[in-house]
Amino acid sequence: MCGFVGIISRHDCSADIVLALQALQHRGQDSAGVGTIHENDFPVARRLGLVSQGFGPDEIETLPGQIGIGHVRYPTIGSGSLRDAQPFWYRQPGVLMAHNGNFINIPKMNQTLEDQSVHLMSRCDVEPVLCIFALELMRRRNNSHTTEDAIAALEATFSQAVGAYSLVVALILDGEETLLAARDPLGIRPAVWGQSDNCTVVASESVALDALDVKLVGDVAPGEVMVFKTGHEPKRFQLKTYGSTPCIFEYIYFARPDSFHNGKSVYSVRLNLGRELARAWQAKNLDADVVIPIPDTSRPSAGALAEELRLPYREGFIKNRYTGRTFIMPNACERNNALKLKLNPIRSEFAGRRVLLVDDSIVRGTTLKRTIQIIRDQGAKEIHLAIHSPPVIFPCYYGIDMSTQEELAAAAFLPPCEDGTNGLAGSRPTLEMQAHVENGLARRLSLDSLTYLPLAGLVKAFPETCCSACFDGEYPLKLSDQEKTWIEKDRRTCVQRELVL
Ligand code: SF4
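Note that residues are indexed from 1 along each chain, following the sequence as it is written. Note on the predicted model: pLDDT of at least 70 is required for a residue's local features to be given, and 80 or more for side-chain atom pairs to be given and counted; whole-chain, interface and lining totals, by contrast, use all residues.

1. Quick look at the overall build of the protein chain
The criterion, for reference: Strands are runs of DSSP state E lasting at least two residues, helices are runs of H or I lasting at least four, and both sets are numbered from the N terminus onward. C-alpha atoms define the radius of gyration, and 2.2 Å times the number of residues to the power 0.38 defines the globule rule. Partly exposed residues are those falling between the two cut-offs: more than 12 but fewer than 20 other C-beta atoms within 10 Å of their own, whereas 20 or more means buried and 12 or fewer means exposed, with C-beta atoms placed from the backbone. Distance between backbone-placed C-beta atoms decides contact: two residues are in contact if it is within 7 Å.
Assigned secondary structure in the protein chain consists of 17 helices and 21 strands. Here the C-alpha radius of gyration of the protein chain, 23 Å, is about what a compact globule of 501 residues would show, namely 23 Å. When its C-alpha atoms are laid out on the principal axes, the protein chain stretches across 70 × 50 × 40 Å. Counting all 501 residues of the protein chain, 50% fall into the buried class. Once local pairs closer than 6 in sequence are excluded, the contacts in the protein chain between residues at least 24 apart make up 70%.

Encoded structure:
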């Protein structure tokens, strides 16, 4: 879960990079970084925390140059420390790189590098990819690299670096400052690009372009490398692709609703999810007095659901925008108080009512449990919860922070199979399995009812081919058991805190 931006401009671009990163702040809050190219120099600044905390006017002044890349990070491989913050820089021949997603075969890449006596300085998975790319470039010639060299080097790199990723690179090619953008062969992680009179921008989400008043042109296609130089039309190179399976979770939770991915409005998908969720709720013959979203992601779906059910829609929580994240609080009591500070209920909307809450997903369920207690304390008569996605019961190895099975709240309530397992390794989840999860989790969360969107409803809301492996276990990019184990172990080792989604 990260965000990146790359800009090539007719003016110094670091201020614009910082602005774009602020628009992408929801994609990562652990660290932020900016790197530029200026007169054969590669200034890079990386800071822990929010973009606005680390990049004021003084910092921006130290980053001159008309080409640069920026990154906001929430780690899914490696830690949240400064050592793992992006962008990364490699001195020979001088390359900046940042990415979003996960590379899944890191031990193999690390071994390749070790065999060539290349030592890594971080646990971040983009560093070995950058090193391999730089080595592949240098293998082609010692200096004066061309666009053709870079494409061949990237092709060789992606044959060694497997994963779900989008990435941005800044370097000198054909004697000119050059920005490259690439996307994995299945297009799991997003990347868009756009242009204005003054600059070209690539980014994880179109909201970064909006912040700069840059017109969205389109997506980097799955398996494609795009090459941008000032004063030239972009060049497109199609490398290996296996079709398009974008991450559905971007639409469900992660992306901002005002973003467009793969030509599709995230907001409109969330409206569809709400309409389909209304049908799942209706099928249960339950009743409620009011629909209230748990802010912010589920607002569009809650509105659409209320419209379908002809129920009043109300805001039940006021969100304090100026509090920090709850998981960094040292103990449960402080976290509870911090949650109340962050999400204060409007008592009159809950007291004496049968409330239908709407949320986007349940991953770990820790914040949700506390939120439900807060609502009970307001005197709600009944609390029903509707989720605009199916139960998350399989880990994600592709760059969303839920990569171990034990952390998934819903997985604990799958019905046992005949062989004694919980069905995680079995076939596509059935409606019976979903009902089992709904009943068990409703009891655990002290809810009067819990309704998930069924898998069939998800398909109706988003009919295009996509990755929905965390819901159905059908991983479009196959991983070996060894690769899965390595990613799970990395998360267990690096995560030293309670994570809240
Ligand atoms: S497994 Fe889920 S979160 Fe991960 S890429 Fe697929 S849809 Fe997205």
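We are not done yet, so read on.
2. Structural notes on the confidence of the model for the protein chain
Here is the rule: pLDDT expresses, on a scale from 0 to 100, how confident the predictor is about each individual residue.
Mean pLDDT over the protein chain: 92, with 93% of residues reaching 70 or higher. Within the model, pLDDT remains below 50 along residues 326–330, and this stretch shows 13 contacts once partners closer than five positions in the same chain are excluded. Overall, residues 497–501 carries pLDDT values under 50, and its contacts beyond four positions in sequence, including any with other chains, amount to 14 contacts.

3. Details of the packing of helix α9 (residues 266–282) against helix α10 (residues 299–309)
The angle between the axes and the distance between the axes are what describe a pair of packed helices. Note the following rule: Fitted lines through C-alpha atoms give the axes, limited to the stretch in contact for helices. The angle between two N-to-C directions lies from 0 to 180 degrees. Any angle that falls under 35 degrees is termed roughly parallel, while one over 145 is termed roughly antiparallel, one within 65 to 115 roughly perpendicular, and all others oblique. The hand of a helix crossing depends on one turn: near helix anticlockwise from the far one by less than a right angle means left-handed, and clockwise means right-handed. Side-chain classes follow a simple rule in which Ala, Val, Leu, Ile, Met, Phe, Trp, Tyr, Cys and Pro form the nonpolar group, Asp, Glu, Lys and Arg form the charged group, and the remainder, Gly included, forms the polar group.
Packing of α9 against α10 brings their axes to within 7 Å, and their N-to-C directions diverge by 45 degrees. It follows that α9 is oblique to α10 by the angle criterion. Note on packing geometry: the crossing formed by α9 with α10 is right-handed. In this structure, α9 uses Tyr267, Arg270, Leu271, Leu273, Gly274, Arg275, Leu277, Ala278 and Trp281 to contact α10, whose residues at the interface are Pro300, Ser301, Ala302, Gly303, Ala304, Leu305, Glu308 and Leu309. Residue composition of the contact of α9 with α10, by class: 11 nonpolar, 3 polar and 3 charged.

4. Observations concerning the environment of Val118
Along the polypeptide, Val118 turns up in the loop between α4 (106–115) and α5 (126–140). As a C-alpha pair, Val118 and Pro128 span 10 residues in sequence and 9.2 Å in three-dimensional space. In contact with Val118, other than residues within four places in its own chain, are Leu113 and Cys131.

5. What to know about the domain arrangement of the protein chain
Formally: The start and end points of each domain follow an automatic or database-based domain assignment.
Taken domain by domain, the protein chain consists of domain 1 (2–244) and domain 2 (265–494). Computed from C-alpha coordinates alone, the two centres of domain 1 and domain 2 are separated by 32 Å. Domain 1 puts 20 residues into the contact, and the matching count from domain 2 is 17 residues. At the level of elements, β6 (95–103) and α4 are the ones that each hand at least two residues to the side of domain 1 that touches domain 2. Counting residues per element, the side of domain 1 that touches domain 2 draws most heavily on β6, at 3 residues.

6. Points about the sheet that holds strand β20 (residues 382–387)
Condition: Here, any two strands with at least 2 DSSP bridges between them count as paired.
A sheet is described by the order of its strands in space; here 4 strands give the open sequence β16-β19-β20-β21, paired in parallel fashion. Taken across any chain shown, the strands that pair with only one partner, and hence form the sheet edges, are β16 (290–293) and β21 (449–452). Between one strand axis and the next, the sheet turns through 25 degrees on average, direction left out of account. As paired elements, β16 and strand β19 (residues 354–359) share 4 bridges and run parallel to each other. Looking at β19, one finds that Pro293 is bridged to Val358. The sheet strands contacting α10 are β16, β19 and β20, and the helix crosses β16 at an angle near 170 degrees.

7. Focus on the site of the ligand
Inclusion rule: Residue proximity rests on one test: whether the C-beta atom, placed from the backbone, lies within 6 Å of the molecule or strand.
Around the ligand, the neighbouring residues are Ile188, Cys247, Ile248, Phe249, Cys396, Tyr398, Ile400, Cys467, Ser468, Ala469 and Cys470. Of all the secondary structure elements, the ones that give two or more residues to the shell around the ligand are α8 (248–254) and α16 (469–472). Tallied by class, the residues present in the shell around the ligand amount to 10 nonpolar, 1 polar and no charged.

8. Things to note about the nonpolar core
Rules: By definition, a nonpolar core groups buried Ala, Val, Leu, Ile, Met, Phe, Trp, Tyr and Cys residues that connect through C-beta atoms lying within 7 Å of each other.
One finds Val5, Ala20, Leu130, Ala181, Val201, Ala203 and Leu305 to be the most contacted residues of the largest nonpolar core, which totals 146 residues. Residues in contact with Val201, not counting those within four places in the same chain, are Val5, Ile7, Ala20, Trp193, Gly194, Ala208, Leu209, Leu212 and Val214.

9. A short note on the sheet that holds strand β4 (residues 67–73)
Spatially, β3-β2-β4-β1-β10-β9-β11 is the arrangement adopted by the 7 strands of the open sheet, whose pairing is antiparallel. Of all strands in the sheet, those with a lone pairing partner are β3 (44–48) and β11 (215–219), marking the two edges. Each neighbouring strand pair of the sheet contributes to a mean axis angle of 15 degrees, computed without reference to strand direction. Looking at chain direction, strand β2 (residues 31–37) and β3 are connected through 5 bridges and run antiparallel. Bridging from a neighbouring strand, Ser31 pairs with Leu48 of β3. Strands in contact with helix α1 (residues 14–23) are β1 (2–9), β2, β4 and β10 (199–203); relative to β4, the strand with the most contacts, it is inclined by about 25 degrees.

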